[in-house]
Amino acid sequence: MTITIRNFHPGDAKALTDIFYTSIHQVACQYYTQAQINQWAPLPIDYPRWQAKFEQAAPFVAELDNRPVGFMTLAEDGLIDLAYSHPEHQKKGIATALYRHLETQARQQGIKLLTVKASYLAKSFFIKQGFKVLAKNEIPRSGEVLINWSMEKHLS
């Protein structure tokens, strides 16, 4: 199994949106209620909105057999806003490969600090990558409260 990491192409947006929604709706239910999930990833999916979001964020895309299976974004300020892998491919090194590529790119760009607001799903992954937890956050959304953690990693 060879994981390839590449830059985003506009034709990836639908597949990446589906990875986002599938990951949240199939895996996040371990940690979040259905009402919380519906606030985080509301249905029906607004594909044009996600197309625009991905074109702006330009994620790194992980591929297996020429098919997108995960993605991560890196903003100029070091924020990792989105980090998702398809449920069928979790625990196979996809997120690790994406993160290693992202960190290499961050270092090349002179970014000294990476930050993320990690969900229950992502918190342990980012701790394994050397991130430190700064705070637990409670985000109110239409009567629901979503939990995540502000985390950071200093790059030397």
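Residues numbered from 1 in each chain as written. Predicted model: local features only at pLDDT ≥ 70, side-chain atom pairs only at ≥ 80, totals over all residues. Heavy atoms only, no water.

Asks: Describe the nonpolar core, and please don't skip the residues or the numbers.
Replies: Y99, L102, L114, F126 and F131 are the most contacted members of the largest nonpolar core, which totals 24 residues. Those elements giving two or more residues to this core turn out to be β2 (60–64), β3 (67–72), α4 (94–108), β6 (113–118), α5 (120–128) and β8 (144–154). In contact with L102, not counting residues within four places along its chain, are F60, M72, T73, L74, I80 and L114. By size, the runner-up hydrophobic cluster in this structure holds 19 residues, among which are I19, Y32, A41 and F71. (Core = buried A, V, L, I, M, F, W, Y, C linked by side-chain atoms within 4.5 Å. Buried < 20%, exposed > 50% of the residue type's maximum accessible area, 1.4 Å probe, protein only. Helix = DSSP H or I, 4+ residues; strand = E, 2+ residues; numbered from the N terminus. Contact = heavy atoms within 4.5 Å.)

Asks: I'd love a proper account of the pairing of β6, names of residues and values included.
Replies: Alternating residues of β6 divide into L114, V116 and A118, all buried, and L113, T115 and K117, none buried. In this structure, strand β4 (residues 79–80) lies alongside β6, joined through two bridges in parallel fashion. By the bridge assignment, L79 is partnered in β6 with T115. Alignment of β6 against β8, held across six bridges, turns out to be antiparallel. From the neighbouring strand, T115 faces β8, where its bridge partner is E152. (Pairing = 2+ DSSP bridges.)

Asks: Give me the lowdown on the sheet that holds β4, citing residues and values where you can.
Replies: Read across the sheet, four strands follow the order β4-β6-β8-β7 without closing on themselves; strand pairing throughout is mixed. With one partner strand each, in any of the chains shown, β4 and β7 (132–141) form the two edges of the open sheet. Packing against the sheet, α4 makes contact with β4, β6 and β8, and its axis sits at approximately 140° to β6. Relative to the sheet, α5 contacts β4, β6, β7 and β8, its axis offset from that of β8 by approximately 15°. (Axes fitted to C-alpha atoms, helices over the stretch in contact; angles between N-to-C directions.)

Asks: Could you give me a rundown of the pairing of β2, with the residues and numbers involved?
Replies: In terms of residue burial, β2 counts as a mostly covered element, since five of its five residues are buried. Along β2, one buried face is formed by F60, A62 and L64 and the opposite face, lined by V61 and E63, is buried too. Sheet analysis places strand β1 (residues 4–7) next to β2, joined by four bridges and oriented antiparallel. Across the sheet, the residue bridging to T4 is E63, located in β2. Pairing of β2 with β3 involves five bridges; the strand directions are antiparallel. Paired with V61 across the two strands is F71, which belongs to β3. Remark: two residues form the turn of the hairpin made by β2 and β3, two consecutive strands paired antiparallel; D65 in that turn has positive phi of roughly 50°.

Asks: A description of α5 should follow, citing residues and the corresponding values.
Replies: Given 3.6 residues per turn, any residue in an α-helix points the same way as the ones three and four places further on. When we look at burial in α5, the residues that qualify are A122, F125 and F126. Take α5 and look down its axis: the buried residues cluster within an arc of 95°, on one side only. Against the buried residues of α5 lie β3, β4, β5 (83–85), α4, β6 and β8. One or two steps after α5, the chain reaches G130, where phi turns positive at roughly 100°. (Arc of directions from axis to C-beta.)

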